[in-house]
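An overview of the molecular structure
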Amino acid sequence: MDMFMTENTRKFQKDPLAQLTLANTLRFNDINTDDYAGVFFPGGYGQLWDLASDSKVIRAIEDWIREKTPVAMVCHAPAILRDAKNSAGEPLVKGKDVTGFTGAEDEEIDLSRHLLFSLEKALTANGGNFRRSNKNWLPNVVEDGALLTGQNPASAAPIADALVARLR
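Described below are features of the structure shown in this document. (Residues numbered from 1 in each chain as written. Predicted model: local features only at pLDDT ≥ 70, side-chain atom pairs only at ≥ 80, totals over all residues. Heavy atoms only, no water.)

1. A short note on the overall build of the protein
Rules: Secondary structure elements follow DSSP: runs of H or I of four or more residues count as helices, runs of E of two or more count as strands, with numbering from the N terminus. Relative accessibility under 20% of the residue-type maximum defines a buried residue, over 50% an exposed one, and the middle range a partly exposed one, all with a 1.4 Å probe and only protein chains included. Contacts were defined at the residue level, with two residues in contact if any of their heavy atoms lie within 4.5 Å. We get accessible surface area from the Shrake-Rupley algorithm with a probe of 1.4 Å; when it comes to residues, only the shown protein chains can shield them.
On a plain count of helices and strands, the protein comes out with seven helices and six strands. Across the protein, helices and strands are ordered from the amino to the carboxyl terminus as α-α-β-α-α-β-β-α-α-β-β-β-α. The C-alpha extent of the protein, read off along each of the three principal axes, is 45 × 40 × 30 Å. For the protein, the proportion of its 168 residues judged to be buried stands at 40%. Nonlocal contacts in the protein, meaning residues at least 24 apart in sequence, comprise 67% of its contacts between residues at least 6 apart. Accessible surface, the protein: about 9,300 Å² in total, of which carbon and sulfur atoms supply 52%.

Structure (structure tokens):
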């Protein structure tokens, strides 16, 4: 959808080196999760179907957060946190300030009826302190310990900046 395209997205699509790198991306199962000082999970509705139930991804996030490795997630990527647990076996987001694509934003683009689950409801049901912007589509980045979450596409650049700042 063009409404989700940003100048950075257009720049990325026109960058031959970025496209070559993307074409040669390793599958998650083929990486050594210990090799990362920080991770970024981009948004997209596919996260609800693919990564939210991927046990290797969930375990990696649990390990990274426990080890205080910064984990940044934007838009629908925080859906991956739905089944993640802390070291006490409780939901990883319990008591944490988090955000992600809101139910109101899903409704506004008439996609909520197609989703497997509501990201906002899942994080809230797991005890997360869901923080939203005052108005749909405004950038919103929430940081709680090693976990960085961004609300929507407008939050992509600010959360990337926040992650880079953590890695410096």
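Now that the structure is up, let's keep going.
2. Points about unusual backbone geometry
Of note in the backbone geometry, Lys68 takes a positive phi value of approximately 65° without being a glycine. Assessed through its relative accessible area of 67%, Lys68 is described here as exposed. With a phi close to 65°, Cys75 is a non-glycine residue in the positive phi region. Inspection of the secondary structure puts Cys75 in the loop between strand E2 (71-74) and strand E3 (97-98). For Cys75, a relative accessible area of 10% corresponds to the buried category.

3. Details of the pattern of salt bridges
Going by this rule: We count a salt bridge whenever a side-chain nitrogen from Lys or Arg sits within 4 Å of a carboxyl oxygen from Asp or Glu.
Scanning all chains against the criterion turns up ten salt bridges. As a salt-bridge pair, Asp97 and Arg131 come within 3.1 Å of each other at their nearest N and O atoms. Taken together, the residues span a long stretch of sequence, with Asp97 in strand E3 and Arg131 in the loop between strand E4 (129-130) and strand E5 (141-144) at a distance of 34 residues. On the basis of relative accessibility, which here comes to 24%, the residue Asp97 falls in the partly exposed class. As a salt-bridge pair, Arg132 and Glu120 come within 2.8 Å of each other at their nearest N and O atoms. You can see Arg132 sitting in the loop between E4 and E5 and its partner Glu120 sitting in helix H6 (residues 119-125), a full twelve residues away along the chain. Judged by its relative accessible area of 38%, Arg132 falls in the partly exposed class.

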